Amino acid sequence: MNYNGINFDTYLKNYPDDNGYFGKYGGSYIPENLQAAMQEITEAYFTICKSSKFVNELRRIRREFQGRPTPISYLERLSGSLGNVQIYVKREDLNHTGAHKLNHCMGEALLAKYMGKKKVIAETGAGQHGVALATAAAYFGLECDIYMGSVDIKKQAPNVARMKILGANVVEVTHGLATLKEAVDSAFEAYAKDYKDCIYCIGSVVGPHPFPMMVRDFQSVVGIEAREQFIELTGELPDAVVACVGGGSNAMGMFSGFLNDPVNIYGVEPLGRGEKLGDHAASLKYGTEGIMHGFNSIMLKDKNGEPAPVYSVASGLDYPSSGPEHAFLHDAGRVKYDVVNDEETIDAFFKLSRLEGIIPAIESSHAVAYAMKLAKEMNKGSILVNLSGRGDKDMDYIIENYGIR
Ligand SMILES: *Cc1c(COP(=O)(O)O)cnc(C)c1O
């Protein structure tokens, strides 16, 4: 399929290019001493991860440890409450640890093992990436250092406990505002000193090349499974595919399966409390081109051109940029990026719980909320939503802030 001059028949092979660019987005904007480390990972990715030995081992792990393939469920009661459109969800909430993040963490940690590394290293904000990586490290017998701001350590006590129980070393970062940004800086600093023995595991389709490509490829299992399963269930392709976008890994995994199909694709960003800078994290909708965290993309900037403060009810979506591939697909018009606010999200959270017996993560509830709006507009056809995770982690927050509806 050709779309705006892009050949999607060969898209996944041709994007990114050898330097990690999706059009003008992506690349690797990092200090000289880290370029060698990224080069080593890139080369290892193309030799090791494409070998049949690696592919077969990852397949076995996905089946026997992660519980893949995850099913697709038809949402009969939710669909019925909205009209004539059929809504389906890809159940990444049933993946081990309760979200899609383990898909790329198992891939990254298996690569670390094949490369002979002893340790995996990462930062975490809300703790979800830290828990997924700590799980992978325990499985493969790797050491695991997770950098986390002291403010986040206090806020995310259950995830900190999980990481420690799994044997990870949670490194407290106290400088500056002591949140995610400082944790990223400290983790990169530690990595630069120690990269012979460890590998940095980025938690989404962001960061310098090769991570946006590598994380997409590890997540593409979601889209590959979903496309096959949907056709088997219904005999045809969905009319629309929907996923929430923070950094954009669950969305890229799902979208990659449908880019070459006549399917409308929607990425959903958090509008939070409203359109004012600082009240949302809808970087693709309101942002401009810029470089941060080692890559060129579309981002939200403050007056000084620095990453702007962002807000979302979903802590997994409050990132001031999105992966470079999303910026590319945005400009190309192949994916439509739109927003839902906190209120619509919380409504969808309760609707899915009450009508279907599925408690979704607040992140995933953004995608459900958008599908509910889309269903009313479409009048007929089908929508496939990537349900990126389960909502157990959000129980206390919901009860405290919204009560029982
Ligand atoms: C972390 C997280 C997200 C956001 O990350 P992406 O890279 O945008 O997918 C979405 N859903 C859940 C459940 C998460 O834990």
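Thresholds applied
Residues numbered from 1 in each chain as written. Predicted model: local features only at pLDDT ≥ 70, side-chain atom pairs only at ≥ 80, totals over all residues. Heavy atoms only, no water. Domains from an automatic or database assignment. Contact = heavy atoms within 4.5 Å. Buried area = accessible area lost by both parts, 1.4 Å probe. Salt bridge = Lys/Arg side-chain N within 4 Å of Asp/Glu carboxyl O. Helix = DSSP H or I, 4+ residues; strand = E, 2+ residues; numbered from the N terminus. Nonpolar A, V, L, I, M, F, W, Y, C, P; charged D, E, K, R; others polar. Pairing = 2+ DSSP bridges. Axes fitted to C-alpha atoms, helices over the stretch in contact; angles between N-to-C directions.

## Considerations on the domain arrangement of the protein
Link 1 in the chain: Examined at the domain level, the protein breaks down into domain 1 (23-62 + 101-211) and domain 2 (67-99 + 220-402).
Link 2 in the chain: Taking only C-alpha atoms into account, the centre of domain 1 sits 23 Å from that of domain 2.
Link 3 in the chain: Contact residues are listed per partner, giving 23 residues for domain 1 and 31 residues for domain 2.
Link 4 in the chain: Regarding the contact of domain 1 and domain 2, the summed buried area is about 2300 Å², with carbon and sulfur atoms giving 61% of it.
Link 5 in the chain: Considering only the side of domain 1, the residues that lose the most area to domain 2 are Tyr25, Arg62 and Val205, jointly responsible for 30% of the buried surface there.
Link 6 in the chain: The interface formed by domain 1 and domain 2 holds one salt bridge in total.
Link 7 in the chain: Salt-bridge contacts for Glu289 lead to Lys24; the nearest nitrogen and oxygen are separated by 3.0 Å.
Link 8 in the chain: The leading source of residues in the side of domain 1 that touches domain 2 is helix H5 (residues 101-114), at four residues.
Link 9 in the chain: Residues belonging to the side of domain 1 that touches domain 2 are distributed by class as follows: nine nonpolar, 11 polar and three charged.

## Focus on the sheet that holds strand S5 (residues 72-74)
Link 1 in the chain: If you trace the six strands from one edge of the open sheet to the other, you get S5-S6-S16-S11-S12-S15, paired in mixed fashion. Each end of this open sheet is capped by a strand with a single partner; those strands are S5 and strand S15 (335-341). For this sheet, the mean angle separating the axes of adjacent strands, direction not counted, is 25°.
Link 2 in the chain: Relative to strand S16 (residues 382-387), strand S11 (residues 240-244) runs parallel, the two being bridged by three bridges. Within S16, the residue paired with Val242 across the bridge is Val385.
Link 3 in the chain: Helix H15 (residues 362-378) rests against strand S6 (86-91), S11, strand S12 (264-272), S15 and S16 of the sheet, and its axis sits at about 175° to S16.

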